[in-house]
Amino acid sequence: MAVASAVAQATMLKAAKGVLRPNHTIFLCCDIQEKFRGRIFQYEELIRNAVKLCSGAEKFGIPMIATEQNPSRLGSTVAELQDFKFEKIIEKMKFSMIIPQVEELLQQKASTTANSDENPLSVILFGIEAHVCIFQTAIDLLRSQKPHFSVHVVADAVSSGMRGQLPVMMRGLAAYGAEVTTTDCVLFRLAQDASHERFKELLDIVKKDMVAVKESKESPKLLAAAMSS
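Residues numbered from 1 in each chain as written. Predicted model: local features only at pLDDT ≥ 70, side-chain atom pairs only at ≥ 80, totals over all residues. Heavy atoms only, no water.

**Student:** Could you clarify how one ought to interpret helix α7 (residues 183–191) in this entry?
**Tutor:** For the α-helix, the turn length of 3.6 residues means that residues three or four positions removed from each other point alike. Considered for burial, the residues of α7 that qualify are Thr 183, Val 186, Leu 187, Arg 189, Leu 190 and Ala 191. Next to the buried residues of α7 lie β1 (25–30), α2 (43–60), β4 (121–128), β5 (149–159), β6 (179–181) and α8 (199–216). Gln 192, located one to two residues past α7, shows a positive phi value of around 70°. (Buried < 20%, exposed > 50% of the residue type's maximum accessible area, 1.4 Å probe, protein only. Helix = DSSP H or I, 4+ residues; strand = E, 2+ residues; numbered from the N terminus. Contact = heavy atoms within 4.5 Å.)

Right, here's the structure in full:
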C-alpha cells in the first residue's frame, strides 16, 4: 500500500508540473541568430514556430527572454523575431542560457507566485542547438532547487546542425525530467478552454501558420526528426 501511495503521489506531482498557467510561465528563446541560416536543419521551420510561440506569449502576457551566442561573430537575433517585446536580449559566451542576467530575471518571475517542487515555474525552452545550448540550459534548470522549474522543450522549435542529434537529445532530456512538447500543444495548454478571452486570437495565430506552411509547399520535418528512432 505504501508503495502504491508513493507511486500515486509521484504521478500526481508529475502531472502538476505539466500544467501551464500564463501567470506562472516564462519563455526562453535560445540563440536564434542570423548567421545560423543555412547551417541548421529546418531552420526556417524552427523560426516560423518560434514566431508562433512568441506571438502566443505576447497574447497571454507571458515574459520572454532571448539570448545571443557571441553575437559579434554569429550575428543578432533573426529579423523575424526582432519586433517581439523580449524582457531582454542577452549576449552570452557560455553555452547554457543560465547566466547571471538570466538567473536574475528567472528569480524575479518565480518570486511573484509561490514557488516549490509542487508549484514550479514553467519554462518553455526553444532555439538551438539541441545538443549544446538547449541541452545544457535544460539540465541547469532541472538541477535548480531555488527556484524550482518545470522544463518544457518544444521539439518542433528546436534543432541542430545535424539532424541525427535531435532524437538522441529529446530522449535524453525526457529521461532527465524535461517534458518534450510541441508549439501548438504549448499554446492550447496555456488557453485550456475555448472560452478563454484570448482563444480566438490564438486560433488566428495557428491558422495563419497553417496557411504559411501550405504556401511554402514544404512539409514540416522537425517533429518527425525529433521523434525518430
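**Student:** Would you mind going over the packing of aromatic side chains with me for this structure?
**Tutor:** The description of two aromatic rings rests on the distance between their centres and on the angle between their planes. Going through the model one piece at a time under the given rule, you end up with three aromatic pairs. Measuring from centroid to centroid gives 6.1 Å for Phe 135 and Tyr 176, while their planes differ by 80°, and the two rings are edge-to-face. Taken as a pair, Phe 135 in helix α5 (residues 130–143) and Tyr 176 in helix α6 (residues 165–176) lie far apart in primary sequence, 41 residues in all. Here Tyr 176 falls in the exposed class, since its relative accessible area comes to 56%. (Phe/Tyr/Trp six-rings, centres within 6.5 Å; stacked < 30°, edge-to-face > 60°.)

**Student:** Would you explain the nonpolar core in this entry?
**Tutor:** Buried together is how nonpolar side chains tend to be arranged in soluble globular proteins. If you look at the biggest cluster of nonpolar residues, it comprises 70 residues, and the most contacted ones within it are Phe 27, Ile 32, Tyr 43, Leu 81, Leu 106, Phe 126 and Val 153. Setting aside chain neighbours within four positions, we find Phe 27 in contact with Leu 53, Ala 57, Ile 62, Pro 63, Met 64, Ile 65, Ile 124, Phe 126, Val 186 and Leu 190. (Core = buried A, V, L, I, M, F, W, Y, C linked by side-chain atoms within 4.5 Å.)

**Student:** Help me understand the sheet that holds β4 in this model?
**Tutor:** Strand pairs in the sheet, formed through backbone hydrogen bonds, run parallel or antiparallel to each other. Across the sheet, which stays open at both edges, the six strands sit in the order β3-β2-β1-β4-β5-β6 with parallel pairing between neighbours. The sheet is open, and its two edges are formed by β3 (88–92) and β6, each paired on a single side. On average, each strand axis in the sheet is inclined to that of its neighbour by 25°, with strand direction left out of account. Pairing of β5 with β6, which is carried by three bridges, proceeds in the parallel orientation. Paired with His 152 across the two strands is Glu 179, which belongs to β6. (Pairing = 2+ DSSP bridges. Axes fitted to C-alpha atoms, helices over the stretch in contact; angles between N-to-C directions.)

**Student:** Hey, could you run me through the side chain of Thr 67 in this one?
**Tutor:** With respect to the helices and strands, the residue Thr 67 is situated in strand β2 (residues 64–69). A polar contact is formed between the side chain of Thr 67 and the side chain of Asp 31, at a distance of 2.8 Å. Apart from residues lying up to four places away in sequence, Thr 67 is in contact with Cys 29, Cys 30, Asp 31, Ile 32, Gln 33, Ile 90, Lys 92, Met 97 and Val 102. (Polar contact = N/O pair within 3.5 Å; in protein donor to acceptor, adjacent residues only side chain to side chain.)

**Student:** Looking at this structure, how should I read unusual backbone geometry?
**Tutor:** Phi is mostly negative for residues that are not glycine, and the peptide bonds are mostly trans. A cis amide bond links Ile 128 to the next residue, Glu 129, at an omega of -20°. Considering the arrangement of structural elements, one finds Glu 129 in the loop between β4 and α5. Residues other than glycine seldom take positive phi values, yet Gln 42 does so here, at roughly 55°. Here Gln 42 lies in the loop between β1 and α2. The exposure class of Gln 42 is buried, given its relative accessible area of 16%.

**Student:** Looking at this structure, how should I read the pattern of salt bridges?
**Tutor:** Close approach of charged atoms lets side chains of opposite charge pair. Counted by the stated rule, this structure contains 11 salt bridges. In this structure, Glu 34 engages Arg 37 in a salt bridge whose closest nitrogen and oxygen atoms are separated by 2.8 Å. The class for Glu 34 is partly exposed, based on a relative accessible area of 28%. One salt bridge in this structure joins Glu 179 and Arg 189, with 2.5 Å as the shortest N-O distance. With a gap of 10 residues between them, Glu 179 in strand β6 and Arg 189 in helix α7 connect regions that are remote in the sequence. (Salt bridge = Lys/Arg side-chain N within 4 Å of Asp/Glu carboxyl O.)

**Student:** Honestly, the confidence of the model for the protein in this entry has me stumped. Any pointers?
**Tutor:** A low pLDDT score tells you not to read the predicted coordinates there in detail. Confidence along the protein averages 90 in pLDDT terms, with 90% of residues attaining 70 or more. Here residues 3–13 is a poorly scored stretch, pLDDT under 50, and it has two contacts once near neighbours within four places are set aside; other chains count. (pLDDT = per-residue confidence, 0-100.)

**Student:** Would you explain the state of the cysteines in this entry?
**Tutor:** Covalent bonding between the sulfur atoms of two cysteines is what defines a disulfide. In the structure shown here, the tally under the stated rule is zero disulfides. In this model Cys 29 remains outside any disulfide bridge; the closest cysteine sulfur is found in Cys 54, 5.3 Å from its own. You can call Cys 29 buried: its relative accessible area is 2%. No disulfide involves Cys 30; its sulfur sits 4.7 Å from that of Cys 133, the nearest cysteine. (Disulfide = S-S within 2.5 Å.)

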